Amino acid sequence: MNVLIFTGKFGMGHIFAAQAVQEEILRQDPTACITIVDIIDECFPQMRRVVYGWFDFTVNYCSGMYNLLNRMAGRFRCTPVTRTLVQKLDQLLYHSQADLVISTLPLSSQYVSSYKESTGSTIPLYTYITDISAHSEWIASQTDCYFVGDESTRLQHLRLGIPGNQVVVNGIPVRQDFFSALKVSSTPEKRELLVMGGGLGLIPHAEEFLSALAAAPDVHVTVITGKNESLRRELEASYPTFEIIGFTSQVSEYMARADLLLTKAGGITTFEAIHTGTPLCLLRPFLMQEEANASYVQAQGFGKVLWNKSQEAQEILALLRDQETLADMKQRMAVALRSLDRVSPIDRFWTERSAAC
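Keep in mind that what you see is a predicted model, and the values were worked out from it rather than measured.

Criteria and thresholds
Residues numbered from 1 in each chain as written. Predicted model: local features only at pLDDT ≥ 70, side-chain atom pairs only at ≥ 80, totals over all residues. Heavy atoms only, no water. Helix = DSSP H or I, 4+ residues; strand = E, 2+ residues; numbered from the N terminus. Contact = heavy atoms within 4.5 Å. Salt bridge = Lys/Arg side-chain N within 4 Å of Asp/Glu carboxyl O. Buried < 20%, exposed > 50% of the residue type's maximum accessible area, 1.4 Å probe, protein only. Phe/Tyr/Trp six-rings, centres within 6.5 Å; stacked < 30°, edge-to-face > 60°. Lys NZ or Arg CZ within 6 Å of the ring centre and 35° of its normal. Pairing = 2+ DSSP bridges. Axes fitted to C-alpha atoms, helices over the stretch in contact; angles between N-to-C directions.

Okay, the environment of Leu 4 next. On the secondary structure map, Leu 4 appears in strand β1 (residues 2-7). Separated by 96 residues in the primary sequence, Leu 4 and Leu 100 have C-alpha atoms spaced 6.4 Å apart. Excluding residues that lie within four positions of it along the chain, Leu 4 makes contacts with Thr 35, Val 37, Leu 92, Leu 93, Ser 96, Ala 98, Leu 100, Val 101 and Ile 102.

Printed below as a string of structure tokens:
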């Protein structure tokens, strides 16, 4: 079986989701041939630096503008399929000999859907939504199946007019090592806190609560800064008692040993934590999709959201020392995992293929 997965480097969540779907397919069918394609790199190579540079700038410095443009994108879609784009998609489908197209990015879902409409192609298109909120930008008319993170997301799809049989609730996809990570108990003398800033290494305005954590004798702090080398060096100099980790492929192991994860409200990170049974403490969100993820975590009892910036340090330490509450959060995560539909894209493909015969 040949599968073409479209994604993009708008943060790392969409990329990680694509890799997770690839691993899930190969776990079930080791002979599958899977190609992951960055749709910006392949279809708009001349615009790559501008597009990704704009994204990084607005997320870092103009979150209000980013949220506004994101809302407008949902209301006023502009994904014209030019002759050149049709040719590029034709070439990608031909060279990959794809039986199935999967998207982990709203833009690629829109483009593949428009391509199917303009060419009459019947190739199945499955979309994996990487946040809890069902933003309308994800909805594309020629999508055959949506894989969503939670029942609340499914209900949002139904309200948007998507038939219930086209929506599967099986969690936001995470890589296989998060399924198998073994939980490690911390020592009674030290509580284990893991701090992550997301794929971009962002930990905004963190000096105050990091200083308070450094002064806590009963807390061991590990910080993963990703590829942000300047942040890694700065933290190593400022907080010598912290364990500072740069880019690592062992995130699942660090999560599994942590009593609490302090991070941004990203969809992928949230479900990585759920799979490792690691309670969440979320920095106050400033992007619209993160606000929905944070509200979900809080409503489900998986963690705490630091809405009050002046109380961050106190709330982090209080939660870290509250073993009863942490145990309840872990239990809620385990229950949520058991409620998910374990259907894979391969299962869905062959079920639909059999039904069509």
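What follows picks up the thread again.
For the coordinates displayed, the defined rule picks out 18 salt bridges. The salt bridge involving Arg 257 is made with Glu 192; its shortest N-O contact spans 3.7 Å. With Arg 257 in helix α11 (residues 251-257) and Glu 192 in strand β7 (residues 191-196), this pair connects stretches of sequence that are 65 residues apart. The residue Arg 257 makes a salt bridge to Glu 243 at a minimum N-O spacing of 2.6 Å. Highlighted residues: Arg 257 in helix α11 and Glu 243 in strand β9 (residues 243-245), separated in sequence by 14 residues. Among the residues examined, Glu 243 registers a relative accessible area of 25% and is labelled partly exposed.

A few words now on the packing of aromatic side chains. Counted under the stated rule, the structure contains 7 aromatic pairs. A ring pair is formed by Phe 44 and Tyr 111, whose centres lie 5.7 Å apart and whose planes are at 45°; its orientation type is tilted. Taken together, the residues span a long stretch of sequence, with Phe 44 in the loop between α2 (39-43) and α3 (48-61) and Tyr 111 in helix α6 (residues 106-119) at a distance of 67 residues. Summarising the aromatic geometry, the rings of Tyr 296 and Phe 302 are spaced 5.7 Å apart at their centres and angled 75° between planes, so their arrangement reads as edge-to-face. With a relative accessible area of 6%, Tyr 296 lands in the buried category. An aromatic cluster is present here, built from Tyr 126, Tyr 128 and Phe 147 joined pairwise through their rings. Arg 175 extends its terminal NZ or CZ atom over the ring of Phe 16, reaching a point 4.2 Å from the ring centre. Note that Lys 227 overlies the ring of Phe 247, its terminal NZ or CZ placed 5.3 Å from the centroid.

With that settled, the discussion passes to the sheet that holds strand β8 (residues 219-224). The strands that make up a sheet pair up through hydrogen bonds in the backbone, lying either parallel or antiparallel. If you walk across this open sheet you meet the 6 strands as β9-β8-β7-β10-β11-β12, and the pairing is parallel. Here the strands that pair on one side only, and so sit at the sheet edges, are β9 and β12 (303-306). With direction set aside, neighbouring strand axes in the sheet form an average angle of 20°. Bridging between β7 and strand β10 (residues 260-263) involves 3 bridges; their strand directions are parallel. Its bridge partner lying in β10, Leu 194 is registered against Leu 261.

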